[in-house]
Every structure is written in structure tokens, then in C-alpha cells.
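Chains, contacts and geometry: an overview
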2 protein chains.
Amino acid sequence: MTVKSRPGGRTARTKAAVFEAVTALVIERGHAAVGMTDIAERAGVAVTSLYRRWGDVRALIMEVAVEQLLRDRPLPDTGSLAGDLRKWARSIASGLKSRQGSSFFRALVATAMPPGAEGSTRTAALQRRLDQVALMLERARARGEAPPPLADVMDHLLAPLYARALFGVPANEAFAEQLVERLLKER
Amino acid sequence: MTVKSRPGGRTARTKAAVFEAVTALVIERGHAAVGMTDIAERAGVAVTSLYRRWGDVRALIMEVAVEQLLRDRPLPDTGSLAGDLRKWARSIASGLKSRQGSSFFRALVATAMPPGAEGSTRTAALQRRLDQVALMLERARARGEAPPPLADVMDHLLAPLYARALFGVPANEAFAEQLVERLLKER
């Protein structure tokens with residue numbers, strides 16, 4: 001859901017207060033224990049405006065988490081496809097092990113999985129990240145390298161790292177690099 | 001957790017009643033809405049005995065789900081590695097789309113992801129299934145075929161299917177077969 005707001009306008013200030021509240025509450029209590037009312041109270045806004053603007057608490061938490069991700073873990077631009085993929089893969093692996101990263105992952109999984117949820121709700125916030133990945137691959141293509149399709153990167157780099165995180169199977173940076181080598185060899 | 005029981009003995013009858021109760025309740029309400037007290041009531045057993053024997057409700061639901069899986073979706077034995085992997089991959093893809101299968105997957109994810117959960121709790125029930133997969137690969141090795149390592153099957157066949165199910169990305173039987181072809185080519 002996009003709401004246009006002038007920089008510094010009331011809508012932008014409200015969003016900042018809400019996002020700050022979400023961030024603090026998720027750190028304090030874990031994402032599963034944070035409700036819309038808690039957020040409204042902490043941010044000093046009406047809970048009805050939260051529902052109107054973000055739909056439900058899961059979608060809001062996801063949007064905050066993705067914005068943090070985009071800001072704190074920008075995609076690499078090393079000048080080569082192999083360099084970009086290796087650096088990115090290593091940062092995913094180390095991120096999934098960190099407290100904030102595994103907290104983000106749990107929120108992601110919780111948001112993704114409610115029965116009957118709209119596919120669009122689940123992936124809307126993540127699309128921004130996917131677009132960045134697509135751009136990284138496009139840069140490689142522009143350089144004359146032959147990047148793997150985005151789907152292959154999702155299926156054979158992200159999915160193995162996510163599945164291992166889900167099932168508590170170790171996935172260190174060396175493993176992440178092996179995934180990249182396999183992906184590059186496969187082209 | 002294993003509790004030895006004579007066939008037909010009281011322990012076995014209790015287990016049957018408990019498993020029947022879990023199955024019915026999960027169908028009626030979804031796994032997230034089923035608590036140990038509900039199960040105890042439906043099965044006609046003391047809730048303390050459930051905690052003693054299964055630890056917590058998630059582990060119990062997972063054990064019931066895995067037993068259903070092992071019973072309803074035995075691994076194939078077609079006589080060739082390619083045949084086995086293709087048949088299995090197709091059944092995973094179709095299973096994840098079915099109501100019962102996606103219900104199982106959601107229970108699996110919910111059990112896997114509580115913050116700070118023991119790795120052993122998460123994967124104990126699933127180990128039975130992993131052992132079956134390892135056996136399927138071992139049969140291939142005994143026939144002189146060169147099966148991929150179990151880890152590769154998990155990372156590049158199961159993980160992509162699970163990740164797509166998690167994020168609502170379509171994964172049909174044809175896609176599952178492509179994953180198998182890729183895996184077999186990679187050896």
C-alpha cells in the first residue's frame with residue numbers, strides 16, 4: 001500500500017513514529033507479541049488509522065522489517081556478478097545467524113504463512129527487495145556477463161539458505177559461497 | 001521422544017486416541033488453534049500425561065503430522081534413482097498444494113520457528129522422513145547409480161519447493177521435475 005506524503009509532512013511524520021514504535025516493540029517483545037493496539041499506543045496514533053493505512057499488523061511489521069533490511073543491508077555493487085553474488089550470499093548467511101536477522105526471518109515466515117492469506121499480502125513488502133536483486137542481475141547483463149535468471153537465484157541461493165535457517169541446519173558463509181559457485185557453474 | 005509400548009497395550013491405545021484427537025482437531029480448527037487441553041479433553045486423557053509424554057503441543061502436532069505423512073505418502077521405489085526422485089518430487093509439489101499438505105507444511109513451519117527452540121525439537125519428528133530419503137538414495141547407490149548427496153537433495157529439491165510454498169510462488173509438478181533434472185545433471 002503506498003500513501004503519498006510530502007517529505008516532512010504529517011503523513012511522513014506519522015509513518016516515522018509508527019515505524020519507530022514497531023521497531024522498538026519487536027525488539028522488546030518479539031514480533032508475535034506485538035499487536036496493532038500496542039503500536040498505536042506507542043506511536044501516539046489512532047489504531048483505526050493504522051488498520052486503514054497498513055491493513056493488518058503482520059503486513060505493517062513486514063514493511064518495517066523490509067525497510068530496515070534495505071537500509072542496513074544494501075545489495076553489493078562490486079563490479080562483477082560473481083563478486084556481487086558472493087558478497088550478498090555471505091551477508092544473507094551471516095544475517096540469518098544474527099539476532100536481528102533471525103528476528104526478521106521469523107517475522108517473514110509468520111507473515112508468509114497464515115492460511116488463506118493473499119499472495120499479494122505476503123510478498124508485497126518483499127517485492128522491493130526482489131526488484132533490487134533483479135537490478136543487480138541486470139547490471140551484470142549490461143556488463144556482458146551472463147547472469148542466472150532471477151528464479152534460479154531465488155530457488156538455488158535464497159531457498160537453501162532460508163530452508164536451513166527454518167530447520168536449524170547450519171549454513172555458514174562458506175556454504176553460501178558454495179551455493180554461488182554452483183549457480184554460476186550451472187549457466 | 002520414544003515410549004515403548006506393547007501392541008494393544010494401554011500405552012498404545014492412549015497414543016491412538018491422542019493421535020486421533022489431534023488429527024480431528026487440526027482439521028476442525030487449524031493447528032494454531034489447538035492446545036494441549038483441547039487434545040486432552042478430546043482424547044479423554046489427563047493433560048499432564050500429554051506434557052509428560054510429548055513435551056509440548058507443537059511437538060505432538062508435528063509427530064502426528066509426520067506419522068500421517070509416512071503412512072499416506074510413502075517414498076517411491078520405482079527401480080531407478082531418476083524414477084524415484086521424479087515421483088517423489090511431483091508428490092511433494094502436489095502435496096503442498098492440497099489442503100492437508102499445506103496444513104502439514106504450516107504446522108511444520110510453526111514448529112520449526114519458535115525463537116530459541118532447540119534444534120532437536122524442531123527436527124526430531126522429521127528425522128524419520130530424512131532417514132527414508134537417505135535409504136532411497138542408498139538403494140540407488142547399491143544399484144550402481146551415483147545418487148546426489150542427501151544435503152544436495154535437501155538444498156536443491158526440497159528447499160526450492162518449500163520456499164515457493166512459503167512465499168506463495170507457484171510450484172507445479174513440471175517445476176518439481178525440472179529440479180530433479182538439474183540435480184541429476186549436477187552429479
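Just above sits the structure.
In what follows, the accompanying structure is described. All values derive from a computational prediction rather than experimental measurement.

Right, let's get into the overall build of chain A. The secondary structure content of chain A amounts to nine helices and zero strands. Secondary structure of chain A in N-to-C order comes out as α-α-α-α-α-α-α-α-α. Expressed as lengths along the three principal axes of its C-alpha atoms, the size of chain A is roughly 55 × 40 × 30 Å. Here chain A holds 187 residues, and 48% of them are scored as buried.

The next subject is the relation of the copies chain B and chain A. Expressed as a screw transformation, the operator carrying chain B onto chain A has a rotation angle of 180° and an axial translation of 0.0 Å, and the superposed copies differ by an RMSD of 0.1 Å. Put plainly, the chains are arranged around a two-fold axis. Taking C-alpha positions as the reference, the residue of chain B nearest the rotation axis is B:A159, at 2.7 Å. The share of interface residues of chain B whose copies in chain A are also at the interface is 100%, consistent with both copies meeting through the same surface.

With that settled, consider the interface of chain B and chain A. Residue-level contacts link 30 residues of chain B with 30 residues of chain A. Across the chain B-chain A interface, the total number found is seven salt bridges. The shortest N-O distance in the salt bridge between B:R164 and A:D155 comes to 2.8 Å. Our count for the contact surface shared by chain B and chain A stands at eight residue pairs in polar contact (both at pLDDT 80 or more). The set of elements that each furnish at least two residues to the side of chain B that touches chain A consists of α6 (99-112), α7 (119-142), α8 (150-167) and α9 (173-185) of chain B. The dominant element in the side of chain B that touches chain A, judged by the number of residues it contributes, is α8(B), at twelve residues. When grouped by side-chain class, the residues that make up the side of chain B that touches chain A number 19 nonpolar, three polar and eight charged.

Quick look at α9(B) now. An ideal rise of 1.5 Å per residue puts 18 Å on 13 residues; α9(B) measures up with 19 Å between its terminal C-alpha atoms. Three or more residues of α9(B) are buried, namely B:F175, B:A176, B:L179, B:V180, B:R182, B:L183 and B:L184. Buried residues belonging to α9(B) abut α8 (150-167) and α9 (173-185) of chain A together with α5 (81-97) and α8 of chain B.

Turning our attention to the packing of aromatic side chains. Enumeration according to the criterion identifies six aromatic pairs over all chains in this entry. Ring geometry for A:Y162 versus B:F167: centroids 6.0 Å apart, planes at 50°, classification tilted. In this pair, A:Y162 sits in helix α8 while B:F167 sits in helix α8, so the two residues belong to two different chains. Members of the aromatic cluster, joined through ring pairs, are A:F105, A:Y162 and B:F167. Taking NZ or CZ as reference, A:R164 lies 3.7 Å from the ring centre of A:F175, over its face.

We now examine the side chain of B:R182. Tracing the chain through its elements places B:R182 in helix α9. Under the relative-accessibility criterion, B:R182 is labelled buried at 17%. For B:R182, the residues in contact, after removing those within four places along its chain, are A:D152, A:H156, A:L183 and A:E186.

What counts, and where the lines are drawn
- Residues numbered from 1 in each chain as written.
- Chains lettered and ligands numbered in written order.
- Predicted model: local features only at pLDDT ≥ 70, side-chain atom pairs only at ≥ 80, totals over all residues.
- Heavy atoms only, no water.
- Helix = DSSP H or I, 4+ residues; strand = E, 2+ residues; numbered from the N terminus.
- Buried < 20%, exposed > 50% of the residue type's maximum accessible area, 1.4 Å probe, protein only.
- Least-squares fit on C-alpha atoms with pLDDT ≥ 70 in both.
- Contact = heavy atoms within 4.5 Å.
- Salt bridge = Lys/Arg side-chain N within 4 Å of Asp/Glu carboxyl O.
- Polar contact = N/O pair within 3.5 Å; in protein donor to acceptor, adjacent residues only side chain to side chain.
- Nonpolar A, V, L, I, M, F, W, Y, C, P; charged D, E, K, R; others polar.
- Expected span 1.5 Å × (residues − 1).
- Phe/Tyr/Trp six-rings, centres within 6.5 Å; stacked < 30°, edge-to-face > 60°.
- Lys NZ or Arg CZ within 6 Å of the ring centre and 35° of its normal.

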